[in-house]
Amino acid sequence: MSVRVQTADFDVAREIAALRAGDTGVGAVATFIGTVRDMNDSARIDGMTLEHYPGMTEAALAEIVAEARARFDIRDALVIHRVGVLAPGDQIVLVAVTSAHRGMAFEACRYVMDLLKTRAPFWKKERTPSGERWVEARESDEKAAQRW
Amino acid sequence: MSVRVQTADFDVAREIAALRAGDTGVGAVATFIGTVRDMNDSARIDGMTLEHYPGMTEAALAEIVAEARARFDIRDALVIHRVGVLAPGDQIVLVAVTSAHRGMAFEACRYVMDLLKTRAPFWKKERTPSGERWVEARESDEKAAQRW
Amino acid sequence: MTNAPASLVATTLRLVYLARLREAFGTAGETLVLAADDSPTVGGVVAALHARGGAWAVELAPGRAVRFAVNHRVAHRDTAVQDGDEVAVFPPVTGG
Amino acid sequence: MTNAPASLVATTLRLVYLARLREAFGTAGETLVLAADDSPTVGGVVAALHARGGAWAVELAPGRAVRFAVNHRVAHRDTAVQDGDEVAVFPPVTGG
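It should be emphasised that the depicted structure is a prediction, and the values quoted were computed from it without experimental measurement.

Rules behind the numbers
- Residues numbered from 1 in each chain as written.
- Chains lettered and ligands numbered in written order.
- Predicted model: local features only at pLDDT ≥ 70, side-chain atom pairs only at ≥ 80, totals over all residues.
- Heavy atoms only, no water.
- Core = buried A, V, L, I, M, F, W, Y, C linked by side-chain atoms within 4.5 Å.
- Buried < 20%, exposed > 50% of the residue type's maximum accessible area, 1.4 Å probe, protein only.
- Contact = heavy atoms within 4.5 Å.
- Pairing = 2+ DSSP bridges.
- Helix = DSSP H or I, 4+ residues; strand = E, 2+ residues; numbered from the N terminus.
- Axes fitted to C-alpha atoms, helices over the stretch in contact; angles between N-to-C directions.
- Buried area = accessible area lost by both parts, 1.4 Å probe.
- Salt bridge = Lys/Arg side-chain N within 4 Å of Asp/Glu carboxyl O.
- Parallel < 35°, antiparallel > 145°, perpendicular 65-115°, else oblique.
- Nonpolar A, V, L, I, M, F, W, Y, C, P; charged D, E, K, R; others polar.
- Arc of directions from axis to C-beta.
- Least-squares fit on C-alpha atoms with pLDDT ≥ 70 in both.
- Expected span 1.5 Å × (residues − 1).

**Some thoughts on the nonpolar core**
Soluble globular proteins tend to bury their nonpolar side chains together.
Step number 1: The biggest cluster of nonpolar side chains holds 62 residues, and the ones touching the most others in it are Val-95 of chain A together with Val-95 of chain B.
Step number 2: Apart from the residues lying within four places of it in its own chain, the contact partners of Val-95 of chain A are Ala-30, Thr-31, Phe-32, Leu-78, Val-79, Cys-109, Val-112 and Met-113 of chain A.
Step number 3: Within the second largest apolar cluster, 24 residues are counted, among which are Ala-96 of chain A together with Ala-13, Ile-16 and Ala-96 of chain B.

**Some words on the sheet that holds strand β8 (residues 91–99) of chain B**
Step number 1: Here we have 8 strands laid out as an open sheet, ordered β1(A)-β6(A)-β8(A)-β2(A)-β2(B)-β8(B)-β6(B)-β1(B), and mixed in their pairing. At either end of the open sheet lies a strand with only one pairing partner, and these are β1 (2–6) of chain A together with β1 (2–6) of chain B. Pairwise comparison of adjacent strand axes, ignoring direction, gives a mean angle of 10 degrees for this sheet.
Step number 2: Where strand β6 (residues 76–82) of chain B lies against β8 of chain B, 6 bridges are found, and the strand directions are antiparallel. Residue pairing across strands places Val-79 of chain B opposite Val-95 of chain B, the latter belonging to β8 of chain B.
Step number 3: Contacts from helix α1 (residues 12–20) of chain B reach β2 (28–35) and β8 (91–99) of chain A together with β1, β2 (28–35), β6 and β8 of chain B within the one sheet, and its direction differs from that of β8 of chain B by about 30 degrees.
Step number 4: Helix-sheet contacts for helix α2 (residues 56–71) of chain B involve β1 and β6 of chain B, and the interaxial angle to β1 of chain B is about 150 degrees.

**Regarding the interface of chain A and chain B**
Step number 1: Listed by partner, the interface residues are 38 residues for chain A and 38 residues for chain B.
Step number 2: Taken together, both faces of the contact between chain A and chain B bury some 3,000 Å²; the carbon and sulfur share is 52%.
Step number 3: Contact with chain B buries surface across chain A, with Arg-102, Phe-106 and Arg-110 of chain A losing the most and accounting together for 24% of the total.
Step number 4: Between chain A and chain B we count 6 salt bridges in total.
Step number 5: Two residues, Asp-114 of chain A and Arg-102 of chain B, come together in a salt bridge whose shortest N-O distance is 2.9 Å.

**Regarding the packing of helix α3 (residues 102–119) of chain A against helix α3 (residues 102–119) of chain B**
Step number 1: Between α3 of chain A and α3 of chain B, the shortest axis-to-axis distance is 12 Å and the interhelical angle comes to 180 degrees. The angle between the axes of α3 of chain A and α3 of chain B places the two elements in the roughly antiparallel class. Of the residues in α3 of chain B, those touching α3 of chain A at Arg-102, Gly-103, Phe-106, Glu-107, Cys-109, Arg-110, Met-113, Asp-114 and Lys-117 of chain A are Arg-102, Gly-103, Phe-106, Glu-107, Cys-109, Arg-110, Met-113, Asp-114 and Lys-117 of chain B.
Step number 2: Classifying every residue of the contact of α3 of chain A with α3 of chain B by side-chain character gives 6 nonpolar, 2 polar and 10 charged.

**Details of helix α4 (residues 139–146) of chain A**
Step number 1: Asp-141, Ala-144 and Ala-145 of chain A are the residues of α4 of chain A that are buried. Considered in projection along α4 of chain A, the buried side chains sweep an arc of 95 degrees and stay on one side of the axis. Exposed residues lying more than 90 degrees from the buried face of α4 of chain A are Glu-139, Lys-143 and Gln-146 of chain A.
Step number 2: Tucked inside the fold, the buried residues of α4 of chain A contact α3 of chain A together with α3 of chain B.

**A closer look at the side chain of Thr-41 of chain C**
Step number 1: Mapped onto the elements, Thr-41 of chain C comes out in the loop between β2 (29–34) and α2 (42–50).
Step number 2: The contact partners of Thr-41 of chain C, leaving out residues within four places of it in the chain, are Arg-77, Asp-78, Thr-79, Ala-80 and Val-81 of chain C.

**Quick word on the relation of the copies chain A and chain B**
Step number 1: For the pair chain A and chain B, the relating rotation is 180 degrees, the translation along its axis is 0.0 Å, and the fit reaches an RMSD of 0.0 Å. Look at the turn and shift together and you get a two-fold axis relating the two.
Step number 2: Of the interface residues in chain A, 100% have counterparts in chain B that sit at the interface too, so the contact is made through matching surfaces.

**Quick word on the sheet that holds strand β9 (residues 122–128) of chain A**
Residue and element names in this part refer to chain A.
Step number 1: The strand order across the open sheet built from 4 strands is β7-β5-β9-β10, with neighbouring strands paired in antiparallel fashion. The open sheet has two free edges, formed respectively by β7 (84–86) and β10 (131–134), since each of these has just one partner strand. The sheet shows a mean angle of 25 degrees between the axes of neighbouring strands, direction not considered.
Step number 2: In this sheet, β10 lies alongside β9 in antiparallel orientation, the contact comprising 4 bridges. Within β10, the residue paired with Thr-128 across the bridge is Gly-131.

**Concerning α2 of chain B**
Residues and elements named next belong to chain B.
Step number 1: For α2, which comprises 16 residues, the first-to-last C-alpha distance of 22 Å matches the rise-based estimate of 22 Å (1.5 Å per residue) to within 8%.
Step number 2: Within α2, the full set of buried residues consists of Met-56, Thr-57, Ala-60, Leu-61, Ile-64, Val-65 and Ala-68. Projected down its long axis, α2 shows its buried positions confined to an angular sector of 165 degrees, all on one face.

The following block contains the structure:
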């Protein structure tokens, strides 16, 4: 299990290879990558800055991953979340889960993302043509997390 | 939309980059990678050979992806399936789906995998210490496909 | 006789056997001519093959899981076949 | 007085403000001393801040969505705080 908060970009192929390294019991790898869109709520997005709460972030992500491991029959899981200044198209977050079979990998990957969206202390500030604005939390994210 | 059957391995980072290329409306990328396990039904697996039905394979995969596009609000999708001789740890299949939001990406990715497992003409022949054997279809795969 | 219904003339099909069935039948395929009194369907093809006995009778026995495609599309026993069609006979798929 | 209950002595807390609330309050944090008659809870902290008026009263008004953590763990208004705790006050998270 690994959880990282970093400004640098990540290479998903390399991260998956490291996550699987030496474990030939893995038959399924489910991953999710969140990326910066160029539009949000009808405004053009020129980029964004991601702020977090150092210390709590790592603890919250580790707790979410530990919960996923307790709940689903998975072999390992990885979360990487970037912070700092990002441009449209940039990768924001990676969640990767390995398991013997695909069902558990899909479920656990989605679970981690749903909980990350409501429990991990990250905040997005978007740059738009009319200035900067903090992204508002979505009701749909709250519902997605409550589903579990 | 792209569907490929090949003997060569694939680089998931490069494939995702190509799938997303130029589309900054993408906010979510869900992927699934199937890999060769070293155990199956209590037997050690030394490797496997994947056979397919050329012509029908590509048509079946394209049809599954087209159905996923009609059913879910996604931006693009890719399926790569390897054939030939594979070793434990090797990548077998990649399904990658892009969308604006994560829910549709997860759903469509899982849909494509579930249908691929029951409708795409691939067959696995495992090499075990006691000889070769054809993999039997799983009841659980049939149920997963019927869920949709 | 040019206006005769298809079922009254012989139907020539290209058969393809895959995976375990290819090995069991000892061949990757063959040309099969359905007689005019055979059912011009996938089921008619199965009946003609099953009647050969041996591995054919074993693998195509009622209750055995066998799948079909006609011209690369999923088919069933009641799917019609026409002269020139490619009919594939194979076990349930196990890819991914 | 060493055996007096915590609520009868002053509680010194490290407060952390994040994202939009950091900007609204004009500071990333401060040291807050809860008086002995304040509730030794997150709710007590909020009440003390709200009483300052201005941006504090606006952002911490009843019904506004505000989230809390005590020593890096998710907390609620009824979560107890002790001398030396780090109490974070922030908007609903929007990562991923």
